[in-house]
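Single-letter residue listing:
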Amino acid sequence: MKTFWADLHVHTCLSPCGDDRMRPRAMVQQAKQKGLDLIAVCDHNASGNVEAVRQAGRGEGLAVIGGIEVTSEEEVHVLALFDEQQGLRDMQRLIDESLSGENNPDLFGEQLLCDERDAIVGQDTRLLIGATALRVEIVVDSIHHLGGLAIASHVDRESFSILSQLGFVPENLAIDAVEVSPRRSVAQVYAQRPELKAYPAVRSSDAHTLEQIGAVRTGFTAAAPSVRELHRALLGEGGRAVMN
Amino acid sequence: MILKDIQRELDADLLVGQDNLDLAIEMACGADLLSDVLAFAKSGALLLTGLTHPQVVRTTEIAEIKAVCFVRGKRPLPETLALAEEMGLPVLCTALPMYEACGRLYRLGLPGCSQAGEDR
Amino acid sequence: MNVSDLVQRAELAVKAGAGGLDAEVTGGYASDLLSAVMANAVEGNVWVTWHAHPNIVAVALLVKLSAIILVAGRQPEDETAEKAEQEGVPILVSSLPAFELVGRLHAMGVAGAT
Ligand SMILES: [Zn+2]
Ligand SMILES: [Zn+2]
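Here the structure is a predicted model, which means the values were calculated and not measured.

Quick notes on the rules
- Residues numbered from 1 in each chain as written.
- Chains lettered and ligands numbered in written order.
- Predicted model: local features only at pLDDT ≥ 70, side-chain atom pairs only at ≥ 80, totals over all residues.
- Heavy atoms only, no water.
- Pairing = 2+ DSSP bridges.
- Helix = DSSP H or I, 4+ residues; strand = E, 2+ residues; numbered from the N terminus.
- Axes fitted to C-alpha atoms, helices over the stretch in contact; angles between N-to-C directions.
- Contact = heavy atoms within 4.5 Å.
- Core = buried A, V, L, I, M, F, W, Y, C linked by side-chain atoms within 4.5 Å.
- Buried < 20%, exposed > 50% of the residue type's maximum accessible area, 1.4 Å probe, protein only.
- Donors = N, O, S within 2.8 Å, 3.2 Å for Na, K, Ca; no water.

(A) Broad picture of the sheet that holds strand 3 (residues 46–49) of chain B. Residues and elements named next belong to chain B. Overall, mixed pairing links the five strands, which are arranged 1-5-4-3-2 in an open sheet. Looking at the sheet topology across the chains shown, the edges are occupied by strand 1 (13–16) and strand 2 (28–30). Recorded for the sheet is a direction-independent mean angle of 25 degrees between the axes of neighbouring strands. Pairing between strand 4 (residues 67–70) and strand 5 (residues 91–93): three bridges, direction parallel. Opposite Cys-69, over in strand 5, you have Leu-92 as the bridge partner. The strands touched by helix 5 (residues 98–107) within the sheet are strand 2 and strand 3, with strand 3 carrying the most contacts at an inclination of about 155 degrees.

Here it is in structure tokens:
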């Protein structure tokens, strides 16, 4: 067992709001400088840069988890994290089927696809800032069905969080953890909303620029830097644990 | 104002609450963010919303909302309706968007939550 | 009616984007779901919302809205105000909740879609 320092929510230049410099090599370098062992790449409704970041991380000893920050019908943001490429691909397909509209790069920002050497290889033309037609329970259940982990994004933010959109966490919503943004501590959020103590918490940067990567991090003690092991750490299984 | 007046003004379908058409409605609020409803809505109000999630009904219980009107032609999910039936919460459904629905009711004389009643 | 008429008559505070105050108002749209606004609001509408997030400015530009009105005394985030200022999208603030503000605007002749 080992302790892994993770930033479980970083965007790339594929997100319309992601900085142009958020490219695989640059991100990996920054993550290593910040002492991270692991990052999860979560672009809005997209996963096209996951493999490039993973390859960039491979040579540098940085583990990269593939993820998507899914926007539900109610405009709740949910992180979907996967170990298996197949799970991520199937989740992406589900999103593609239920997301409409075309991006306007001048207004929302460019959606750049990169290779592992930071070169631009294409653009995603879909309206990634839009909302899927999937209600939040379907998002969470689909993530689980496909073998992933579902984390409610930035629950302390007043826009696009489960609390802002739905007032409180629906009791039948099977999220695995809640994410706290850099502006609050987990203790503050738990004190403010005691009902959230029913869920383990992680703290992530939600980085949209290089400088923000690793601004806050979550440590977990487990056997490997994987989604499966993170899950077990969130549950406190077999001596595994999460630290914020 | 009673529920029947509201139904007529918004040309709304009454999905739940056939027995409640005489229910008195004293004020209204319009919101798509349920955090907003929990923070600002007052007990006894009508909620106009574009969200059709069952969480709307659960929120009305906490905020003591008297009736809900779903706007812009969004039909509530079956689960939402079942929950409303169970709780005896009258449910309307109008094709009008939020803006037009709120505007018409206000002009019909229905006050908003900051004008009417006392805080819960 | 243009945006500055609304500012006066509905007692709105101009927080940013005063450059766009001359725009003609074609009607109103109220929603806190950005996807609904992108799909349904039309050019020249004023948009009534609780959201203070920077994305509202991009949405306003996409739909070519005449102004954004924040309700219940909400203040635009700094980045929102900066973007709105640059783009000349008026951000106005009302102390009223959405229902009452919409009611007053409607009574002034700013209608919604039917
Ligand atoms: Zn988010
Ligand atoms: Zn994010």
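(B) Representation of the nonpolar core. By size, the foremost hydrophobic cluster in this structure holds 103 residues, and its most contacted members are Ile-39, Met-91, Ile-162 and Ile-213 of chain A. Met-91 of chain A has contacts with Ile-68, Val-70, Ala-80, Phe-82, Val-139, Ser-142, Ile-143 and Leu-146 of chain A, leaving out every residue within four places of it along the chain. Counting residues in each nonpolar core, the second largest holds 46 residues, with Ala-101 of chain B together with Ile-69, Ala-98 and Met-108 of chain C among its members.

(C) Here's a closer look at the coordination of the zinc ion (ligand 1). Residue and element names in this part refer to chain A. Listed as protein donors to the zinc ion (ligand 1) are Glu-69 (OE), His-77 (ND1) and His-154 (NE2); their distances from the metal cover 2.1 to 2.2 Å. Within one chain, the residues donating to the zinc ion (ligand 1) are spaced in sequence as E-x7-H-x76-H. Here the zinc ion (ligand 1) and the zinc ion (ligand 2) are spaced 3.4 Å apart, and both take Glu-69 as a donor. Here Glu-69, found in strand 3 (residues 63–71), pairs with His-154, found in the loop between strand 7 (149–152) and helix 6 (162–166); they are 85 residues apart in sequence, far enough to count as distant. An identical accessibility class is assigned to Glu-69 and His-154; each is buried.

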